[in-house]
Amino acid sequence: MTDLSTQSPWHLVVPVKGGPQAKSRLTAPDGVDHGSLATAFALDTVTAAAAAVGALHVLVVTSGAGITEQVAALGVRVLADPGSGLNPAISAGLADLHRAGFDGPTGVLLGDLPAVRVGELRQALEASDHGGPRFVPDTEGTGTVLLTGPSPPQVEPHFGAGSASAHEQAGHGRLELDLPGLRTDVDDETSLRAVLCLGVGTHTARLLAHLITPPR
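Residues numbered from 1 in each chain as written. Predicted model: local features only at pLDDT ≥ 70, side-chain atom pairs only at ≥ 80, totals over all residues. Heavy atoms only, no water.

Peer 1: Where do I start with the overall build of the protein in this structure?
Peer 2: Each helix and strand in the protein was counted, giving eight helices and seven strands. For 216 residues, the compact-globule estimate of 2.2 N^0.38 gives 17 Å, and the C-alpha radius of gyration of the protein, at 16 Å, lies within 12% of that figure. With the C-alpha coordinates of the protein rotated into their principal frame, the extents come out at 45 × 35 × 35 Å. Here the protein, with 216 residues, has 50% of them falling under the buried criterion. Considering only contacts in the protein between residues 6 or more positions apart, those separated by 24 or more positions represent 66%. As presented, the protein carries roughly 9600 Å² of accessible surface, and 52% of it is formed by carbon and sulfur atoms. Computed over 13 positive and 22 negative side-chain charges, the inter-centroid distance for the protein is 3 Å. (Helix = DSSP H or I, 4+ residues; strand = E, 2+ residues; numbered from the N terminus. Rg over C-alpha atoms; globule rule 2.2 N^0.38 Å. Buried < 20%, exposed > 50% of the residue type's maximum accessible area, 1.4 Å probe, protein only. Contact = heavy atoms within 4.5 Å. Areas by Shrake-Rupley, 256 points an atom, 1.4 Å probe, with all protein chains shown as cover. Lys, Arg positive; Asp, Glu negative; His and termini not counted. Charge placed at Lys NZ, Arg CZ, Asp CG, Glu CD.)

Right, here's the structure in full:
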């Protein structure tokens, strides 16, 4: 089993959609800027990824100027989004890793997981480190939050509606793990309430402090 307590052999590609179209299905709470909310989600996700595998092992694929500067400040690598959609962005990141000579375990982590914990991500990667390609579905079981493979060319992204089924058909094994922070991606008001109950990272918490009830 891979030892993630030292230098991780894993590399993660994190696609982040910048600009006004980011998280277009989500209505931001009153008084909260929509773009700032999407950015906070991404920063919390990337922060957890960097802590789990090391900042230099995280490649963020994005095109937004503001988000590019902020994720780069976390010490991760940044690649320009080719602008053709989510799957082409992920493929560009995987190809960049392959061109750089990396041929080890690789994951694709969605950039809208503000409640993901470092321990959850490490646990999911450890569970993935047993042979062929794997994926972790979202809480509904139909989407995908983490896609992994033994090397970049063995990760085949099919994100979009029904991605869990598409990834299974492509040969990725399903991992049903009890990791609610990892498995709850934020697409709408219901999932936003869910992550606030789970507990979010510092960027999202700071932005939504007025909505978070302190523990008694």
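More follows now that the structure is in view.
Peer 1: Please explain the pairing of strand S6 (residues 144-149) as it appears in this structure.
Peer 2: For S6, the tally of buried residues reaches six of six residues, placing the bulk of the element in the interior. In this structure, the hairpin formed by strand S5 (residues 134-137) and S6 is closed by a connection of six residues, where Gly-141 is found at a positive phi of approximately 90°. (Pairing = 2+ DSSP bridges.)

Peer 1: What am I meant to see in helix H3 (residues 86-99) here?
Peer 2: Every α-helix winds through 3.6 residues per turn, so residues three or four apart in the chain are directed the same way. In a regular helix each residue adds 1.5 Å, so 14 residues correspond to 20 Å; H3 covers 20 Å between its end C-alpha atoms and thus fits that length. For H3, the set of buried residues is Ala-89, Ile-90, Gly-93, Leu-94, Asp-96 and Leu-97. For H3, the arc enclosing every buried residue in end-on projection is 155°, short of the 170-degree limit, so these residues lie on one face. Each element contacted by the buried residues of H3 is listed here: strand S1 (11-15), strand S2 (58-62), strand S3 (77-80) and strand S4 (106-109). Once H3 ends, the next one or two residues include Gly-101, with phi positive near 90°. (Expected span 1.5 Å × (residues − 1). Arc of directions from axis to C-beta.)

Peer 1: Explain the sheet that holds S2 here, please?
Peer 2: Sheets are built from strands that pair by backbone hydrogen bonding, the pairs being arranged parallel or antiparallel. Here we have seven strands laid out as an open sheet, ordered S3-S2-S1-S4-S6-S5-S7, and mixed in their pairing. The open sheet has two free edges, formed respectively by S3 and strand S7 (173-174), since each of these has just one partner strand. As judged from the four bridges shared by S5 and S6, these two strands associate in the antiparallel manner. Across the sheet, residue Phe-135 finds its bridge partner in S6, namely Leu-147. Lying over the sheet, H3 contacts S1, S2, S3 and S4, oriented at roughly 150° with respect to S1. With respect to the sheet, helix H4 (residues 118-128) is in contact with S1, S4, S5 and S6, its orientation differing from that of S6 by roughly 45°. (Axes fitted to C-alpha atoms, helices over the stretch in contact; angles between N-to-C directions.)

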